[in-house]
Amino acid sequence: RISVIMGKAERKTQLTKEITEIGEQIKAAKAEKKPKEEWDPLLKQMLALKVTYKEEIGEDFGPKKEVKKPKGEANMEASAKNKEKAERKKREKAEKEAKKAKNRAEREAAAAKKAAALSGVGADNYGNLPLIKSAKITDKVWTEIGSLNASKSGASVTIRGHLQLVRGMGKGCFAVVRSSLYTVQCVAFESSSIPKVMVEFITKVASESIVDVTGTITVPSSPVEKCTQKDVELQVTSFHVVVAAAPLPFQMEDACRPDDGKETDVGAYTGEEEESKDGLPRVGMEQRLNYRWLDLRTPANQSIFRVESMVGHLFRSILVDKGFTEIHTPKLIGGASEGGSDVFSLDYFGRPACLAMSPQLHKQICAACSGFEKVFEVGPVFRAENSNTRRHLCEFTGLDLELAIKEHYYEVLDVFSDLFIGIFDGLNERCKDEIERVREQHPFKDLRYLRPTLRITYAEGCKLLRDAGIEQGDFDDLSTENEKKLGDIVAEKYKTDFFIMDEYPLSVRPFYTMPHATKDKLSNSYDVFIRGQEILSGAQRIHDPALLVERANAHGIPLSGIQAYVDSFKHGALPHGGGGIGLERVVMLFLGLPNIRKASYFPRDPKRLTP
């Protein structure tokens, strides 16, 4: 029996050794990341030995599993002390986890609140307003920026305008808000009602965004020189973005900078920009026109076009007071409205047609042939001239008038003299602020004009040029250069920038111009000049159909294209005269601008059809 026991013990030791050695080999193979195919036979050998081990030894290989003793009464329940300790630890752990969750939630809520505040969501006194879709009408009242002054100190107002600029300073910021011509400074510093995030929000609003600002009007200790409303500031109580602006193609500050010297107002226009003499950035003409909607926001441009609007208003009101009737003539015609000039041709349902380069023929019909006697029109004029100059456009606004005369075309010149003096007086009286805003960016001298308007003949003008050493024949057309020089000579001699010159050579005037009564080579025609540039061309018109046909033939104009015009004079036409004025050129020269494109909202020249 002892030998059997000893033999079983030795066998157990032997099998244990073999199984352990094989196990170590498998473990080493796995550590060396050998493929399973290499150590799989060892695994099978070890499993077979474990089976043999159980058969011979009578138990599973490996450490024996502890057999749990049956719990008695003492083991079935933890002691009261241990139970209390376990419950306390459980409670402490739960409280710790709850505190962590609470802190985490508070941090997340604070971050969400800050993010929401910065974006304006849910804020009462700052943020982004919803898109205005005419959903409701409130009792909110907006105050015009131009009306803000020291007499309103202490009042709470709401303004709307473009955010021209904003700059942070310590715990606050300064913002300049602009509406049309007027600007005001708005001030916001951290306080109980102005949180830090509100100041941060204001400083991050993009330039030229449209904003609503509510605040209290205060009087600053010193004038705010960079704003039109110099004697007041707005202490901000609320600040909302109505419409956010995208990044700008240029800075409005650069677009508003005064001219770097005086440009010439005659000659070719190439669109190329000269380098700034003072080194400060400026916005070139082409860049301005490419983004005209931005360029028009500058105070100078706002003023230019308010002056232009007033010219149109005064033109209408003065003529209406003189008994004129406003007419509206077609811009689609079957032939050239004047001979010898290029027109924009088009197809009119299979027939050739063109855009009217003036209302000339129709306004004559209305005034001389249709009983209206005194008429005027404000409308577009089209010229297909490939003139890339500083004073030419392919489309401009014409101010035309025509009136019946009793005996002499001087009656027309008297009307023009009264008209222009009335316009100039009206501008100087009613557009003082606008004129000064233009002068700030585009310096110029006030226009000088006489009462009554200076008149010289074409021959007298040519003689003035020759006396100054400038070659000019009495029957040769005036070049642009000589017109400019004549303007300088007249300004020096007569102390006026505005004059009328008449009795032009017949050969340089349109076919419908009445020949001079006693001077065969001259005509009853005239031009009007501002600062040496023509702004009006006119004449007494031919009202006799036979003479009209004769002059059309002399100019080589086919009668087929003007037959209806000629026929209109066959049934009794009044003697008459008139002229056509270029609105943009009047504004350009009155304000001393160097380029007519500055006086046209959306210029159309040979190279530009947009925007």
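Description of the structure in this document.

About the cut-offs
- Residues numbered from 1 in each chain as written.
- Predicted model: local features only at pLDDT ≥ 70, side-chain atom pairs only at ≥ 80, totals over all residues.
- Heavy atoms only, no water.
- Helix = DSSP H or I, 4+ residues; strand = E, 2+ residues; numbered from the N terminus.
- Rg over C-alpha atoms; globule rule 2.2 N^0.38 Å.
- Buried < 20%, exposed > 50% of the residue type's maximum accessible area, 1.4 Å probe, protein only.
- Arc of directions from axis to C-beta.
- Contact = heavy atoms within 4.5 Å.
- Core = buried A, V, L, I, M, F, W, Y, C linked by side-chain atoms within 4.5 Å.
- Patch = residues over 30% accessible without salt bridge, like charges linked within 9 Å, V, L, I, M, F, W, Y side chains within 5 Å.
- Areas by Shrake-Rupley, 256 points an atom, 1.4 Å probe, with all protein chains shown as cover.
- Salt bridge = Lys/Arg side-chain N within 4 Å of Asp/Glu carboxyl O.
- Lys, Arg positive; Asp, Glu negative; His and termini not counted.
- Charge placed at Lys NZ, Arg CZ, Asp CG, Glu CD.
- Pairing = 2+ DSSP bridges.
- Polar contact = N/O pair within 3.5 Å; in protein donor to acceptor, adjacent residues only side chain to side chain.
- Axes fitted to C-alpha atoms, helices over the stretch in contact; angles between N-to-C directions.
- Parallel < 35°, antiparallel > 145°, perpendicular 65-115°, else oblique.
- Left-handed = near helix turned anticlockwise from the far one by under 90°.
- Nonpolar A, V, L, I, M, F, W, Y, C, P; charged D, E, K, R; others polar.
- Phe/Tyr/Trp six-rings, centres within 6.5 Å; stacked < 30°, edge-to-face > 60°.
- Lys NZ or Arg CZ within 6 Å of the ring centre and 35° of its normal.

1. Here we look at the overall build of the protein chain
Moving on, step 1. For the protein chain, the count of helices and strands is 17 helices and 17 strands.
Moving on, step 2. For a compact globule of 611 residues, the expected C-alpha radius of gyration is about 25 Å, and the protein chain comes in at 46 Å, more than 25% above that figure.
Moving on, step 3. Counting only C-alpha atoms, the protein chain reaches 170 × 65 × 50 Å along its principal axes.
Moving on, step 4. For the protein chain, the proportion of its 611 residues judged to be buried stands at 43%.

2. A few points about helix α13 (residues 458-467)
Moving on, step 1. Three or more residues of α13 are buried, namely Y458, G461, C462, L464 and L465. All buried residues of α13 fall inside an arc of 155° around its axis, so they share one side.
Moving on, step 2. Turning to α13, the residues buried within the fold contact β13 (454-457), α14 (480-494) and β14 (498-502).
Moving on, step 3. Directly beyond the C-terminal end of α13, a positive phi value near 85° is found at G469.

3. Considerations on the nonpolar core
Moving on, step 1. One finds F420 and L591 to be the most contacted residues of the largest nonpolar core, which totals 54 residues.
Moving on, step 2. For this core, the element with the most residues is helix α11 (residues 410-430), which contributes 10 residues.
Moving on, step 3. Judged by nonpolar contacts, the second largest core, of 27 residues, contains I159, V177, A188 and I217.

4. Some thoughts on a positive patch on the surface
Moving on, step 1. A contiguous patch of positive charge, built from K81, K85, R88, K89 and R91, is present on the exposed surface.
Moving on, step 2. Looking at where R91 falls in the secondary structure, it is placed in helix α4 (residues 80-119).

5. Considering the sheet that holds strand β9 (residues 345-348)
Moving on, step 1. In space, the three strands of this open sheet follow the order β8-β10-β9, with antiparallel pairing throughout. Whereas interior strands pair on both sides, the edge strands pair on one side only; in this sheet they are β8 (332-333) and β9.
Moving on, step 2. Sheet topology places β9 next to strand β10 (residues 351-355); four bridges connect them, and they run antiparallel. Bridge pairing in β10 places L346 opposite A353.

6. So, the pairing of strand β12 (residues 395-404)
Side-chain positions along a regular strand alternate between the two faces of the sheet.
Moving on, step 1. Along β12, eight of the 10 residues are buried, which leaves the element largely enclosed by surrounding structure.
Moving on, step 2. Pairing of β12 with strand β17 (residues 576-582) involves seven bridges; the strand directions are antiparallel. Across the sheet, residue A404 finds its bridge partner in β17, namely H576.

7. A short note on helix α17 (residues 583-590)
Moving on, step 1. Within α17, eight of the eight residues are buried, leaving the element largely enclosed by the surrounding structure.
Moving on, step 2. Taken together, the buried positions of α17 are L583, E584, R585, V586, V587, M588, L589 and F590.
Moving on, step 3. Trailing α17 by a residue or two, G592 shows a phi angle of about 65°, which is positive.

8. Side note on the side chain of D212
Moving on, step 1. Inspection of the secondary structure assignment puts D212 in strand β5 (residues 210-218).
Moving on, step 2. At 3.3 Å, the side chain of D212 and the side chain of W142 are in polar contact.
Moving on, step 3. Other than its neighbours up to four places away in sequence, D212 contacts L129, W142, I159, R160, S238, F239, H240 and V242.

9. Some details on the environment of K493
Moving on, step 1. Mapping K493 onto the fold places it in helix α14.
Moving on, step 2. In this structure, the C-alpha to C-alpha distance between K493 and V242, residues 251 residues apart in sequence, is 57 Å.

10. Here we look at the pairing of strand β16 (residues 533-541)
Moving on, step 1. Among the nine residues in β16, seven count as buried, and that is most of the element.
Moving on, step 2. Across six bridges, the pairing between strand β15 (residues 525-530) and β16 is antiparallel. For S525, the partnering residue across the bridge sits in β16 and is A539.
Moving on, step 3. Counting the residues between successive antiparallel strands, the hairpin from β15 to β16 contains two residues, one of them, R531, with a positive phi of roughly 50°.
Moving on, step 4. Pairing of β16 with β17, which is carried by six bridges, proceeds in the antiparallel orientation. When the bridges of β17 are listed, Q540 appears paired with G577.

11. With respect to the packing of helix α9 (residues 299-321) against helix α12 (residues 432-441)
Moving on, step 1. Two elements in contact, α9 and α12, have axes whose closest approach is 8 Å; the angle formed by their N-to-C orientations is 135°. Between α9 and α12, the angle falls in the class oblique. Of the two possible hands of crossing, α9 and α12 adopt the one that is left-handed. Note on element contacts: α12 touches α9 through E434, R437, V438 and Q441, opposite P299, A300, S303, I304, R306 and V307.
Moving on, step 2. Classifying every residue of the contact of α9 with α12 by side-chain character gives five nonpolar, two polar and three charged.

12. Focus: the packing of α13 against α14
Moving on, step 1. Axis separation between α13 and α14 bottoms out at 10 Å; the angle between their running directions is 90°. Relative to α14, α13 is oriented roughly perpendicular. Taking contact as the criterion, the partners of G461, L464 and L465 in α13 are, on α14, N482, K485, L486, I489, V490, K493 and Y494.
Moving on, step 2. Residue classes in the contact of α13 with α14 are distributed as six nonpolar, two polar and two charged.

13. Notes on the pattern of salt bridges
Where charged atoms from two side chains of opposite charge come close, those side chains can pair.
Moving on, step 1. One pass over the full model with this rule turns up 36 salt bridges.
Moving on, step 2. For D295, the salt bridge goes to R292, with nearest N and O atoms at 2.5 Å. One end of the pair, D295, and the other, R292, are both in helix α8 (residues 292-295), three residues apart, so they sit about a helical turn from each other. Like R292, D295 is buried.
Moving on, step 3. For K463, the salt bridge is made with D467, and the minimal N-O distance between the two is 2.9 Å. Here K463 and its partner D467 are both found in helix α13, four residues apart, which amounts to about one turn of the helix.
Moving on, step 4. Assessed through its relative accessible area of 46%, K463 is described here as partly exposed.

14. Quick look at unusual backbone geometry
Moving on, step 1. Residue P452 is bonded to the preceding R451 through a cis peptide linkage, with omega at -5°.
Moving on, step 2. The amide bond that connects T610 to the next residue, P611, takes the cis arrangement and shows omega of -5°.
Moving on, step 3. Residue position: P611 is located in the segment after α17.
Moving on, step 4. Despite not being glycine, F349 shows a phi value in the positive range, around 50°.
Moving on, step 5. By the element assignment, F349 lies in the loop between β9 and β10.
Moving on, step 6. With relative accessibility at 75%, the residue F349 sits in the exposed group.

15. Concerning the packing of aromatic side chains
Moving on, step 1. Inspection of the entire model under this criterion finds 21 aromatic pairs.
Moving on, step 2. When the centroid spacing of 5.3 Å and the interplanar angle of 75° are considered together, the rings of F511 and Y512 count as edge-to-face.
Moving on, step 3. By relative accessible area, which is 1% here, F511 ends up buried.
Moving on, step 4. Taken together, the aromatic side chains of F420, F424, Y449, F498 and F590 make up a single cluster linked through ring pairs.
Moving on, step 5. Its guanidinium or amino end placed over the ring of Y410, R455 lies 5.3 Å from that ring's centre, counting from NZ or CZ.
Moving on, step 6. Here the basic side chain of R509 rests over the ring of Y504, its NZ or CZ set 4.5 Å away from the ring centre.

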